Amino acid sequence: MTTMEAAPPADAAAVVVPSRFGRRAAIQAAIIVVILVVAMFVLPALTSTFWVKNFTSAAVLAIVAAATGMLYGRVGLVALGQIGLYGVGTWVTMRLGFATDWPYPVLILVAGAITAVIGVLLGLPALRLHGLYLALVTLMAAAAFLIILANTKFPTGGPGFRGVVIEVANSRQMRRPDIAETDYGYYRYALVVAVLMFALAAAHLVSKPGRAWASIRQSEAAALAAGVNTVTYKLWAWALASFMTGCAGALLAGHVGSPSTFTFTVEQNIILMAVVVMGGVASLWGGVIAGLLAAVLPEVLQDWGFSSNWTLILFGTGLLTNLLITSWQLDKAGIKE
Amino acid sequence: MFNTSQLFPFLISGLAFGAVYAMSGTGLLVLYRTTGVLNFAFGAIGAMGANITWHLIEKTDWCPDWLAYVACVVVATALTLFYGVVLAPRFANRDPLGKMLGTLGFALILLGLMFNLWRSQDARVFRLPTGTRRFEIFDSRVTWTQVVAVLFALVVVGGVTVFLRATKTGTAMRAIANDREIASLLGVPVRRVETAAWLGSGVLCGIVGLLLEDLFGSLDMGTMTFFVIPALAPVLIAQMRRLWVGFFAAFAIGVVEAELNASNWDWPSQYRKTTPYVFAIVAVLWFARKRTVMISGRVTR
């Protein structure tokens, strides 16, 4: 009689986790540690305050880019409105920062949580959409939000809901954490928060939500048939991306002190998507590349004597090249999206 | 809330902007249905054409004005055809989103080029001959550009409707919009028909560039480039297929947006520019309320 019981392994060593995986993970961890040590201690020692500020911007934008890339590459949701949520995070942080004495980490978490709630509220109806329609609706929602933001303006320490001071001379700058009041200190602080955000995203990607997102991205119908609660997991992804973006917005508030509404434009949404695609959406490292491209490349070009307008041409060319290469690869493999 | 004596001038202005939305929407919609490409570079191409027109009028002494206006349409058509014939076929295996991202890259390149070429030169304004001639109706000044915009939108949408129904190329376009592969199997010259759609869209792009410059009163490259986003609102309301629904939606958006400016209260006036987005988002979510997940894995709206 046949039995369904599995035969015991002939050799106990056969069920041990393959050593190659362990070695690979160890090498990856070592590379990450080396990069972090260089970014945290060597880079500030070698560069001026100007460049440290740019690297702080890169760390902040890397979080937004990683969130956008995660939604696109891992869940198949295209959000062209992340800059709007980024603005929400900044606004909430500034309003609470002027109104309370809460420690900065609490401000970051609260800003992230409120942005996540707003993101979910916006995302809930939008999740009925897919592909092009979702991209356009998120872009339009962001465009509408940015008009509201331009009229509401960022708080400057005044009274009322908006917290805007009427006389410009009396306007205040957003405070920074006590341990990171200098530009160098704030750079390290932003880097630590960015690492935590990336760790949060990575933890999701290698666990149950990550597998559910992968199945949704592959085929929503198949994911439903396999018992995946697609609505919950899509909202989860939306909430996580919004939370990360809100936290990045909170970091921006302390970084620039008095942000301008001109930082948050529809154009920035488009540029963000371009650098996210250029950086790559298959891995979280793409977010790091995208952050560097968006924040550091324009300054590098200016340093070399080129107008920063060239970055638009570079981003457009990069986006087109990336799409052409991936289209060629799809063509070669005989795949049609 | 509203100052009724101010309603009429804003109505005229709203109809003119509605007409530009309608023309842009028609160009975007027909191209999308025929080729599957939502041309995000529509505004950037129009802006490039308009800036070249300004350059020819203001920076050269050999070019007559009429030739400069023609140059706007020619340049816009050439750029659109370049993208449609050279780049777009390479994205044929991509989904509509991938195809749109390609046009987005093209828009960024054009915007960067315009900034490099002309941003340092301020006061870039030219007026169409119709923009300087006015007449009065109900104590409101109306420019001929506003009249031309409304009439031209009517002609364009009516003409495209007739073209799609009565001509061989139009029938081929409808066949491709319905099912590209079956149309191809039935012998429809897909590439040639697509080129015709790109050509028509390019011509509209140039005309919209000229009208926008005259209606806005300036050549702000960023504003003109990203004008495509509110211009997409009537296309979305038309569910990317109903030309006349898009036409009326365009005028409704233009008029509501302009009339909010006539309000005595601050907030409707301040937030009037959200009108196309609010209209589009509400419409899209309404149409998507009964979504079905298909077996093939594609999701219908």
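Residues numbered from 1 in each chain as written. Chains lettered and ligands numbered in written order. Predicted model: local features only at pLDDT ≥ 70, side-chain atom pairs only at ≥ 80, totals over all residues.

Draft legend 1. Structural context of the overall build of chain B. For chain B, the helix and strand inventory stands at 14 helices and two strands. A globule of 301 residues ought to have a C-alpha radius of gyration of about 19 Å, and chain B, at 20 Å, matches this closely. Dimensions of chain B, computed from the C-alpha atoms along their principal axes, are close to 60 × 50 × 35 Å. When burial is assessed residue by residue, chain B has 48% of its 301 residues classed as buried. Of all intrachain contacts in chain B linking residues separated by at least 6 positions in sequence, the fraction that spans at least 24 positions is 73%. (Helix = DSSP H or I, 4+ residues; strand = E, 2+ residues; numbered from the N terminus. Rg over C-alpha atoms; globule rule 2.2 N^0.38 Å. Buried ≥ 20, exposed ≤ 12 C-beta atoms within 10 Å, placed from the backbone. Contact = placed C-beta atoms within 7 Å.)

Draft legend 2. Local environment of the overall build of chain A. What chain A contains, in helices and strands, is 13 helices and zero strands. When the helices and strands of chain A are read in sequence order from the N terminus, they spell out α-α-α-α-α-α-α-α-α-α-α-α-α. At 22 Å, chain A has a C-alpha radius of gyration in line with the 20 Å of a compact globule built from 337 residues. Considered along the principal axes of its C-alpha atoms, chain A spans approximately 90 × 45 × 45 Å. Here chain A holds 337 residues, and 44% of them are scored as buried.

Draft legend 3. A look at the nonpolar core. Counting residues in hydrophobic clusters, the biggest one holds 201 residues, and the most contacted among them are I63(A), M140(A), M244(A), C247(A), A274(A) and V275(A). Those residues in contact with M244(A) that sit more than four places away from it in its chain are I63(A), A66(A), A67(A), M197(A) and A201(A). (Core = buried A, V, L, I, M, F, W, Y, C linked by C-beta atoms within 7 Å.)

Draft legend 4. Structural view of the interface of chain A and chain B. Counting residues at the interface gives 47 residues for chain A and 46 residues for chain B. In terms of residue count, helix 5 (residues 131-152) of chain A provides more of the side of chain A that touches chain B than any other element does, 14 residues in total. Counted by class, the side of chain A that touches chain B contains 32 nonpolar, nine polar and six charged residues. (Nonpolar A, V, L, I, M, F, W, Y, C, P; charged D, E, K, R; others polar.)

Draft legend 5. Local environment of the confidence of the model for chain B. All names here are of chain B. For chain B, the average pLDDT comes to 87, and 92% of its residues sit at 70 or higher. Considering each helix and strand of chain B separately, the mean pLDDT is smallest for helix 13 (residues 266-270), with a value of 76, and largest for helix 3 (residues 65-87), with 95. Segment residues 296-301: pLDDT under 50, and 17 contacts once partners within four positions in sequence are set aside and those in other chains are kept. As scored by the predictor, the complex reaches a pTM of 0.89 and an ipTM of 0.89. (pLDDT = per-residue confidence, 0-100.)

Draft legend 6. Quick look at the packing of helix 2 (residues 49-75) of chain A against helix 10 (residues 266-279) of chain A. All names here are of chain A. Contact geometry for helix 2 and helix 10: axes closest at 10 Å, N-to-C directions at 70 degrees. Considered as vectors, helix 2 and helix 10 are oriented roughly perpendicular to each other. Residues V64, A65, T68, G69 and Y72 of helix 2 pack against L272, V275, V276 and G279 of helix 10. Split into classes, the residues belonging to the contact of helix 2 with helix 10 amount to six nonpolar, three polar and no charged. (Axes fitted to C-alpha atoms, helices over the stretch in contact; angles between N-to-C directions. Parallel < 35°, antiparallel > 145°, perpendicular 65-115°, else oblique.)

Draft legend 7. Summary view of the pairing of strand 1 (residues 134-137) of chain B. Residues and elements named next belong to chain B. Judged from the four bridges that link them, strand 1 and strand 2 (residues 140-143) form a sheet pairing that is antiparallel. Bridging across to strand 2, R134 finds its partner in T143. Between strand 1 and strand 2, which pair antiparallel and follow one another directly, the connecting turn spans two residues, one of which, F138, has a positive phi of 50 degrees. (Pairing = 2+ DSSP bridges.)

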